[in-house]
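What the coordinates show
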Amino acid sequence: MQRVTLTIDDDLLAAIDAHGERHGYASRSEALRDIVRSALGTPETAADDGARCHATLSYVYDHEKRELARRLTEVQHGHHDLAVASLHVHLDHDTCLEVAVLRGPTAQVKALADSVTTQRGVRYGHLHLLPESGEHEHGHAHGHSHDDGHGHG
Ligand code: NI
């Protein structure tokens, strides 16, 4: 870890502190780290479509919309190799929330997400990409323990 000094507008700092308080961050630094992480994505998933990833895809849709539920099911069966699990919640009389956990080559995961979220009648589509594992950062070969308590050594 490194300590950095940065210059920031009062308003923006107040917004960051309000965000940190709202979400229960223990410190301004921890809040800022998560804000930056979510802006950057992870290096593997942001930059490299050839890397493998885990992802969650969430979206809301109207199950009464003509043919939509069938089309969504078709899209997902077409990519069954990427699907790990999914969760369906009936939000109200018409509206469903689905969360799909996906795993595979990043480019294919993104393509599947696009083909779901661009369907007419699908709203609030959001894809959250994660690296497939910590291997890219830590590797498995080295013998020492990590200080974060869940090392591989
Ligand atoms: Ni439903």
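Structure report, in brief. One numbering rule holds for all chains: residues counted from 1, following each sequence as written. Local features in a predicted model are, by the rule used here, given only for residues with pLDDT of at least 70; side-chain atom pairs are given and counted only at 80 or more, and totals for whole chains, interfaces and linings are based on all residues. Side-chain figures throughout are based on the complete set of non-hydrogen atoms in the structure, without hydrogens or water.

1. Considering the overall build of the protein chain
Summing up its helical and strand segments, the protein chain has 6 helices and 4 strands in all. Here a helix means four or more residues in a row that DSSP labels H or I, a strand means two or more in a row labelled E, and each is numbered from the N terminus. Beginning at the N terminus, the succession of helices and strands in the protein chain can be written as α-α-α-β-α-β-β-α-β-α. Each residue is placed in one exposure class: buried if its accessible area under a 1.4 Å probe, protein chains only, is under 20% of its type's maximum, exposed if it is over 50%, and partly exposed if it falls in between. Counting only residues that meet the buried cut, the protein chain has 23% of its 153 residues in that class. The contact criterion used throughout is that any non-hydrogen atoms of two residues lie within 4.5 Å. Put simply, 63% of the contacts in the protein chain that link residues at least 6 apart link residues at least 24 apart. Values of accessible area rely on a 1.4 Å probe in the Shrake-Rupley scheme; residue burial ignores everything except the protein chains shown. If you sum the accessible surface of the protein chain, you get close to 10700 Å²; carbon and sulfur atoms cover 51% of it.

2. What about the side chain of T95?
Considering the arrangement of structural elements, one finds T95 in strand β3 (residues 95-105). Once you skip the residues sitting within four places of it in the chain, T95 turns out to touch V60, Y61, H63, V89, H90 and R123.

3. A short note on the packing of helix α1 (residues 10-23) against helix α2 (residues 28-40)
Across the interface, α1 lies against α2 with an axial gap of 9 Å and an inter-helix angle of 95 degrees. If you check the angle between α1 and α2, you find them roughly perpendicular. Contact residues: α1 offers L13, I16, D17, H19 and G20, while α2 offers R28, A31, L32 and I35. The class makeup of the residues in the contact of α1 with α2 is 5 nonpolar, 2 polar and 2 charged. Where helices are involved, their axes are fitted lines through C-alpha atoms of the stretch in contact, as for all axes, and angles between N-to-C directions lie from 0 to 180°. If an angle is under 35 degrees, it is roughly parallel; if it is over 145, roughly antiparallel; if it lies from 65 to 115, roughly perpendicular; otherwise it is oblique. Under the convention adopted here, Pro, Cys and the residues Ala, Val, Leu, Ile, Met, Phe, Trp and Tyr are nonpolar, Asp, Glu, Lys and Arg are charged, and Gly plus all remaining residues are polar.

4. Brief notes about the environment of V101
Relative to the assigned elements, V101 resides in strand β3. V101 sits in the partly exposed class, given a relative accessible area of 30%. Each C-alpha atom of the pair V101 and H128 lies 9.6 Å from the other, and the pair is 27 residues apart in sequence. Residues contacting V101, with those up to four places away along its chain left out, are A55, T56, L82, A83, V84 and A85.

5. Overview of the pattern of salt bridges
Salt bridges, as used here, are contacts in which a Lys or Arg side-chain nitrogen is within 4 Å of a carboxyl oxygen on Asp or Glu. Tallied over the entire structure, the rule returns 4 salt bridges. Put simply, E30 and R33 hold a salt bridge, and the shortest N to O gap is 2.7 Å. Highlighted residues: E30 and R33, both in helix α2, separated by 3 residues, approximately one helical turn. With a closest N to O distance of 2.6 Å, E67 and R70 form a salt bridge. We classify E67 as partly exposed; its relative accessible area is 38%.

6. Describing the sheet that holds strand β1 (residues 52-62)
A pair of strands counts as paired when DSSP detects no fewer than two bridges linking them. One open sheet accounts for 4 strands, arranged β2-β3-β1-β4; its pairing is antiparallel. Two strands bound the open sheet, and with one partner strand each, they are β2 (83-90) and β4 (122-131). Each adjacent strand pair in this sheet contributes to an overall mean axis angle of 15 degrees, direction not counted. Two elements, β2 and β3, share 7 bridges in a ladder whose sense is antiparallel. Residue pairing in the sheet places H90 in a bridge with C96 of β3. Most of the contacts of helix α4 (residues 68-78) go to β1, to which it runs at about 170 degrees, and overall it touches β1, β3 and β4.

7. Focus: α1
The terminal C-alpha atoms of α1, which comprises 14 residues, lie 20 Å apart, in line with the 20 Å expected from a rise of 1.5 Å per residue. G24 lies just past α1 and shows a positive phi near 80 degrees. In a helix, the anticipated span is given by 1.5 Å times the number of residues less one.

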